[in-house]
Amino acid sequence: MDLGLISVRYARALLKAGIDVKLEDKVYEEMQTLADSYIKVPGLKFTIDNPMLSKEKKERLLIVASGEKICDLSRSFIKLVLKEGRESIMQFIANSYITLYRKQKNLIRAKLLTATVVTPAIEQKLRKLVESKTNGTVEFEAATNPDVIGGFILEYDTYRLDLSVKSRLNAILSQLK
């Protein structure tokens, strides 16, 4: 049994249903919340996989993990997944939906890592740079890490632009060795 193939089929069906009823954006937010819940609460997967837990409790748990106030389409989808006994791949389905949605909407994730907080103007310039390079809409995330020391690291799609002081110092150190 190919879990990737099965999860993509479920995710594709959910995306198509979402587009039909114009709820694909809402479902996207809920699937992101669900995927984040699986990451933040490692015990969630084990609990959902527990055969001793009733389908009703699993349904309630998945609804809460999706953001509590979810749309009827997501609620119906969770019920369908439980009915078919596929709750063990719900995390894969959520991640597959996110991937398919981003591909459908030409949505690119970008992450900016700096030593200190950047101004919104600089963040906007970098967002425009990524948008011009990818011809898509950018979902931008900025984070700070003092280990960068200075400069920045910009990651998007499969690209990484590392203009940090730390990487420059490491390059100099390796040349000296």
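A brief structural summary. Note that this is a predicted model, so its numbers are computed, not measured.

Bridge analysis of strand S3 (residues 152-156) against strand S4 (residues 159-162) gives four bridges, and the strand direction is antiparallel. Each bridged residue has a counterpart across the sheet, and for Glu155 the counterpart in S4 is Arg160. If you look at the hairpin formed by S3 and S4, you'll find two residues sitting between the two strands, and Asp157 has a positive phi there, around 50°.

Between helix H4 (residues 55-65) and helix H5 (residues 72-83), the least distance of the axes is 10 Å, while the angle of their chain directions is 140°. Here H5 runs oblique to H4, going by the angle between their axes. Helix-helix and strand crossings are classified by hand; for H4 and H5 the assignment is right-handed. In contact with Lys55, Lys58, Glu59, Leu62 and Ile63 of H4, H5 contributes Arg75, Ile78, Lys79 and Leu82. The residue makeup of the contact of H4 with H5, split by class, is four nonpolar, no polar and five charged.

Let us now look at unusual backbone geometry. Trans is the common state for peptide bonds, and a negative phi is the common state for residues other than glycine. Look at Lys22: it is not a glycine, yet its phi comes out positive at around 60°. For Lys22, a relative accessible area of 71% translates into the label exposed. A positive phi angle, near 70°, is found at Ile149, a position not held by glycine. Mapped onto the fold, Ile149 is located in the loop between strand S2 (137-144) and S3.

Of the voids in this model, the largest pocket is the one considered here, and its volume is about 190 Å³. Surrounding the largest pocket, Gln32, Ala35, Asp36, Ile98, Arg102, Arg109, Ala110, Glu139, Phe140 and Glu141 form its lining. Residue composition of the lining of the largest pocket, grouped by class: four nonpolar, one polar and five charged.

Before going further, it helps to examine the side chain of Lys58. Along the chain, the position of Lys58 falls in helix H4. Of the polar contacts made by the side chain of Lys58, one reaches the backbone oxygen of Asn50; its length is 3.1 Å.

Looking now at the pairing of S3. Direction of pairing for strand S1 (residues 107-114) relative to S3: antiparallel, over a ladder of five bridges. Following the sheet pairing, Thr114 is matched in S3 by Phe152.

The next point concerns the sheet that holds S4. Sheet architecture is open: four strands sit in the order S2-S1-S3-S4, paired in mixed fashion. Of all strands in the sheet, those bounded by a partner on one side alone are S2 and S4. Each strand axis lies, on average, 15° off the axis of its neighbour in the sheet, ignoring direction.

Reading the values: rules and limits
Residues take numbers from 1 onward in each chain, read along the sequence in its written order. This being a predicted model, a pLDDT of at least 70 is required before a residue's local features are given, and a value of 80 or more before pairs of side-chain atoms are given or counted; all residues contribute to the totals for chains, interfaces and linings. Values shown for side chains rest on all heavy atoms present in the structure; no hydrogens or waters enter the calculation. Here, a strand pair is defined by DSSP locating no fewer than two bridges between the strands. The helix count covers DSSP runs of H or I at least four residues long, the strand count covers runs of E at least two residues long, and both are numbered beginning at the N terminus. Fitting a line to C-alpha atoms yields each axis, with helices limited to the stretch in contact; the angle taken between N-to-C directions then spans 0 to 180 degrees. What sets the label is the angle itself: under 35 degrees gives roughly parallel, over 145 gives roughly antiparallel, 65 to 115 gives roughly perpendicular, and the rest give oblique. A clockwise turn of the near helix away from the far one marks a right-handed crossing, whereas an anticlockwise turn of less than a right angle marks a left-handed crossing. Whether two residues touch is decided by their heavy atoms; if any such pair falls within 4.5 Å, the residues are in contact. Note that Gly is not counted as nonpolar here; it falls among the polar residues with everything else outside the nonpolar set of Ala, Val, Leu, Ile, Met, Phe, Trp, Tyr, Cys and Pro and the charged set of Asp, Glu, Lys and Arg. Only protein chains enter the accessibility calculation, which uses a 1.4 Å probe; a residue whose area is less than 20% of its type maximum is buried, one above 50% is exposed, and one in between is partly exposed. The rule is simple: put a 1 Å grid over the protein atoms alone, call a set of points where a 1.4 Å probe fits but cannot get out a cavity, call an open set with protein on both sides within 12 Å along at least five of seven lines a pocket, and count a residue as lining if it has an atom within 4 Å of a point. Grid points are joined across faces, edges and corners, and a volume is the space filled by probe spheres set on the points. Pairs of N or O atoms are called polar contacts if they sit within 3.5 Å, as long as, within protein, a hydrogen donor faces a hydrogen acceptor (for residues adjacent in sequence, only side-chain-to-side-chain pairs).

Don't take any of this as a statement about function, it's just geometry.
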